[in-house]
Amino acid sequence: MSVLVTNLGELTTNDPELGVVSDAAVVLDGDRVAWVGKAKGAPEADSRVDAEGRAGLPGWVDSHTHLVFAGDRTAEFGARMAGEPYTAGGIAVTVAATRAAGDDQLRAGLRKHVAEAVAQGTTCIETKTGYGLTVADEVRSARLAAEFADEVTYLGAHLVPPGADPDEYTDLAAGEMLDAVAPHVRWADVFCETGAFDEAQSRRVLKAAAARGLGLRVHGNQLGPGPGVRLAVELGAASVDHCTHLTGSDVDALAGSDTVATLLPACDLSTRQPLPDARRLLDAGATIALASNCNPGSSYTSSMAFCVATAVLQMRLSVPEAIRAATLGGAQALRRTDVGILCPGARADLHLLDAPSATHLAYRPGVPLTWAVWRSGSPARPPRG
């Protein structure tokens, strides 16, 4: 069944030829975009939705989340807001709760958080393992994540479990655990940071994952300057995520590579870290993405609109730059060409705002503007009356 969404006052396509179309329409046919252009030239379809002058854009592509978890870290957040510094060690609290949870509990959490994200316009979502840290629990996390997420990433190298020898655990994460999880995931990631995995350990895990045919991602340069960006670029990772503390050589390396700098501003606000220098990265020629980093410890939000508003209001991005980073940038971080863009042949992911232009995402921060969402051609959030 095809649907014509017409009378769009403004349509952001991210297509280099179409650009931003005024008085626009889109035809969705099955799970693909069939046609995009001026409303007056739109073909007929099986059904019709009148957008009444509202703005449309591709669905958000959230390329960095941690949704397979149980437990609560409200107390940690409260302590941090009272002045305690963020450290990677809090992950262990979630690991203990996740290991103790049953499949149905974890599945319910995944269903809830993905639905919450989709209702706010997210149509393509990545999520990671990393709160199991045993072979069985990492496999379980990957298997459950694949039921709900578009992309699944192995993050066995998230934290060395309390009491474990770091080198022995790295051997496990790069060996038996990786081998067991690899059939269920497309990507492998490592938390290359003080308190987590050092450069040598990170390299071992990433090279082993590449040898198993997995794409690479890196958590890097979150808590301070470090080797994460350099390692990601050297190994051809699709993205390096956080990028909060960058040197000039880090910026140059990203600008000279196809590794996407994925920025996680909600996390930096929650951990009271400085926000990444998005303007510097873009001006240097690097590709950036915005993602939510939704997780129970350092960024418990699924709102990509909040990330976009923050990027505009506090990170000196223009509205079009922030929207591009949260749609096409996320797609590039996942090395996908079918999402984050509206053009014939793309996946039928469409997000309509109850506003005449996408500028309202930053102009009216915190206001729930999502009016309708189609995900793979299905009405994930029907138009509001």
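Here, the structure is the one placed above.
Quick summary incoming for the structure in this document.

Criteria and cut-off values
Residues numbered from 1 in each chain as written. Predicted model: local features only at pLDDT ≥ 70, side-chain atom pairs only at ≥ 80, totals over all residues. Heavy atoms only, no water. Buried < 20%, exposed > 50% of the residue type's maximum accessible area, 1.4 Å probe, protein only. Helix = DSSP H or I, 4+ residues; strand = E, 2+ residues; numbered from the N terminus. Pairing = 2+ DSSP bridges. Contact = heavy atoms within 4.5 Å. 1 Å grid on protein atoms, 1.4 Å probe; cavity = no way out; pocket = protein on both sides within 12 Å on 5 of 7 lines; lining within 4 Å. Points joined across faces, edges and corners; volume = space filled by probe spheres on them. Nonpolar A, V, L, I, M, F, W, Y, C, P; charged D, E, K, R; others polar.

Topic: the pairing of strand β15 (residues 370-375)
The buried fraction of β15 amounts to five of the six residues, a majority that puts the element mostly inside the structure. For strand β14 (residues 350-353) and β15, the ladder comprises four bridges, and the chain directions are antiparallel. Note that in β15 the partner of Leu-353 across the bridge is Thr-370. Bridge analysis of β15 against strand β16 (residues 378-381) gives three bridges, and the strand direction is antiparallel.

Looking at the environment of Pro-276
Considering the arrangement of structural elements, one finds Pro-276 in the loop between α10 (265-270) and α11 (278-284). Take Pro-276: its relative accessible area is 3%, and that puts it in the buried class. With 210 residues separating them along the chain, Pro-276 and His-66 place their C-alpha atoms 20 Å apart. Residue contacts for Pro-276: discarding those within four places in its chain leaves His-242, Cys-243, Thr-244, Leu-263, Asp-268 and Met-315.

Overview of empty space enclosed by the protein
Tallied over the entire structure, the rule returns one cavity of 30 Å³ or more. In this structure, the largest cavity encloses a volume near 120 Å³. Together, 16 residues line the largest cavity, and His-66, Tyr-86, His-158, Asn-295 and Ser-298 are the ones closest to its centre. Split by residue class, the lining of the largest cavity holds five nonpolar, 10 polar and one charged.

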